[in-house]
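Overview (structure and organization)
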Amino acid sequence: MADDRYYQKRNPEKEPLEGVVGKYLTSTASNDNELSVSNLAYTKPEATLQPKAYLIVFSGGTEREKNYFYLIKHNTLLYPDIKVDFFAEPNFEKGGKPLITSFAIGKVNEYRESASVDNPDSYWLLTDVDHFEQFLAEMKTECDKNGIELIISNSCFEVWLYYAEKADKCLGFEIPDDKNKISSAFKTWADTQIKGGLKPRKAILMIEQNIANARANYSEKNGFPTLFSTQMFYLAEKMLPYVKDGNEKILGEKNSRRK
């Protein structure tokens, strides 16, 4: 069966907002690239709530894609209206086709057994173009048949993270002659273009400018994004109404600490 779509509401008197925010702004690295949620205080469950938006996200990537949803996943107090379940499947079928599509279809069928009619779940599959370009049309067809939104980044998810802080269309990146090396080369280059490197755990706090930058630089051919284009803004626009208040509280606390 799918994960429980409910979560426990925490008692705000025992876990004050300021304390929670402070912990999320604690860095685990000297370059302030990541956030830590260690040592959160235990609080007795007060009530059981159902989020207004329940997103089930699948990805062939296991690290930065997962970390993008980190703040939401680990802080239901600041983000009570949204719940995200994330699943990664990095393996491949014989012939190189990613297993993530068939994995996602199976999981979606499980989730639908307990889905709310009044507040239905939404299903998203994140993929890079990378080495998978020949499989994208088939993946799109399979996702459409099963009610899954396929979100493609060209060449990789890191293009989305780049647009969290940069408005230009990856100017200065030298495209390798071997297109199979574009993704790995871009990841290395993008980390040098942003102070402290790409920040998957913090990117959600910049979601509005992330959407604006990615949308402004988006283009596609035959229905698929061209190089340096990502469809992640479609998913982010779905998330925005449910994360905006939490983001503002975290950023407000962060700004007050700087004064």
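Residues numbered from 1 in each chain as written. Predicted model: local features only at pLDDT ≥ 70, side-chain atom pairs only at ≥ 80, totals over all residues. Heavy atoms only, no water.

**Focus: the overall build of the protein**
What the protein contains, in helices and strands, is nine helices and nine strands. Scored against the burial criterion, the 259 residues of the protein give a buried share of 47%. Sequence-distant contacts in the protein: of pairs separated by 6 or more residues, those separated by 24 or more amount to 77%. Of the accessible surface of the protein, which amounts to about 13000 Å², a share of 48% is contributed by carbon and sulfur atoms. (Helix = DSSP H or I, 4+ residues; strand = E, 2+ residues; numbered from the N terminus. Buried < 20%, exposed > 50% of the residue type's maximum accessible area, 1.4 Å probe, protein only. Contact = heavy atoms within 4.5 Å. Areas by Shrake-Rupley, 256 points an atom, 1.4 Å probe, with all protein chains shown as cover.)

**Thoughts on the environment of N154**
Note on placement: N154 falls in strand 6 (residues 148–154). Judged by its relative accessible area of 11%, N154 is buried. For the pair N154 and V129, spaced 25 residues apart in sequence, the C-alpha separation works out to 5.1 Å. In contact with N154, not counting residues within four places along its chain, are V129, V159, P225, T226, L227, F228 and S229.

**Considering the packing of helix 8 (residues 207–216) against helix 9 (residues 232–258)**
The geometry of helix 8 relative to helix 9 is characterised by a closest axis approach of 9 Å and an angle of 160 degrees between their N-to-C directions. When the interaxial angle is binned, helix 8 and helix 9 end up roughly antiparallel. Classified by chirality, the crossing of helix 9 by helix 8 is left-handed. On helix 9, the residues that touch I207, E208, I211, A214 and R215 of helix 8 are F233, Y234, A236, E237, M239, L240, V243, K244 and N247. For the contact of helix 8 with helix 9, the class distribution of residues is nine nonpolar, one polar and four charged. (Axes fitted to C-alpha atoms, helices over the stretch in contact; angles between N-to-C directions. Parallel < 35°, antiparallel > 145°, perpendicular 65-115°, else oblique. Left-handed = near helix turned anticlockwise from the far one by under 90°. Nonpolar A, V, L, I, M, F, W, Y, C, P; charged D, E, K, R; others polar.)

**Let's talk about the nonpolar core**
By size, the foremost hydrophobic cluster in this structure holds 46 residues, and its most contacted members are Y68, W160, F186 and M239. Broken down by secondary-structure element, the contributors of at least two residues to this core are strand 3 (53–59), helix 3 (70–74), strand 4 (82–88), strand 5 (122–128), helix 6 (158–163), helix 7 (182–193), helix 8 and helix 9. The element that contributes the greatest number of residues to this core is helix 9, accounting for seven residues. Not counting residues within four places of it along the chain, the set of residues in contact with F186 comprises C156, E158, V159, Y162, C170, F173 and F228. Core analysis: the second largest hydrophobic core is formed by 20 residues, Y123, F135, L136 and I152 among them. (Core = buried A, V, L, I, M, F, W, Y, C linked by side-chain atoms within 4.5 Å.)

**Examining the packing of aromatic side chains**
Applying the stated criterion across every chain yields a total of 21 aromatic pairs. Ring centres of F173 and F228 lie 5.9 Å apart, and the angle between their planes is 85 degrees; on these two criteria the pair is classed as edge-to-face. Placement of F173 in the loop between helix 6 and helix 7 and of F228 in the loop between strand 8 (224–225) and strand 9 (229–230) is noted, with a sequence separation of 55 residues between them. Accessibility classification places F173 together with F228 in one group, the buried group. (Phe/Tyr/Trp six-rings, centres within 6.5 Å; stacked < 30°, edge-to-face > 60°.)

**A look at the sheet that holds strand 4**
Pairing is mixed across the open sheet formed by five strands, whose spatial order is 4-3-5-6-9. The sheet is open, and its two borders are formed by strand 4 and strand 9, each paired with just one other strand. Together, strand 5 and strand 6 form the strand contacts of helix 5 (residues 136–145), whose direction differs from that of strand 6 by roughly 155 degrees. (Pairing = 2+ DSSP bridges.)

**Regarding the pattern of salt bridges**
Counting across every chain of the model gives 11 salt bridges. The partner of R64 in a salt bridge is D191, with the nearest N and O atoms 3.0 Å apart. Taken together, the residues span a long stretch of sequence, with R64 in helix 2 (residues 64–68) and D191 in helix 7 at a distance of 127 residues. Take D191: its relative accessible area is 29%, and that puts it in the partly exposed class. K199 is paired through a salt bridge with E165; the nearest N and O atoms lie 3.2 Å apart. Linking K199 in the loop between helix 7 and helix 8 with E165 in the loop between helix 6 and helix 7, this pair joins segments that are 34 residues apart in sequence. According to the relative accessible area criterion, K199 is buried, its value standing at 11%. Of the residues examined, E165 reaches a relative accessible area of 31% and is grouped as partly exposed. (Salt bridge = Lys/Arg side-chain N within 4 Å of Asp/Glu carboxyl O.)

**Observations concerning helix 9**
Here helix 9 is 27 residues long, yet its end C-alpha atoms lie only 31 Å apart, well below the 39 Å a rise of 1.5 Å per residue gives. At L240, helix 9 shows its largest kink, close to 60 degrees, and the proline P241 lies no more than four residues downstream. Within the span of helix 9, buried status applies to M232, F233, L235, A236, M239, V243, G246, N247, I250 and E253. (Expected span 1.5 Å × (residues − 1). Bend = angle between axes of the 7 residues up to and from the residue.)

**Description of the environment of D245**
The topology assignment puts D245 in helix 9. In this structure D245 comes out as exposed when scored by relative accessible area, which is 52%. Taking the C-alpha atoms as reference, D245 lies 9.9 Å from D81; in sequence the two are 164 residues apart.

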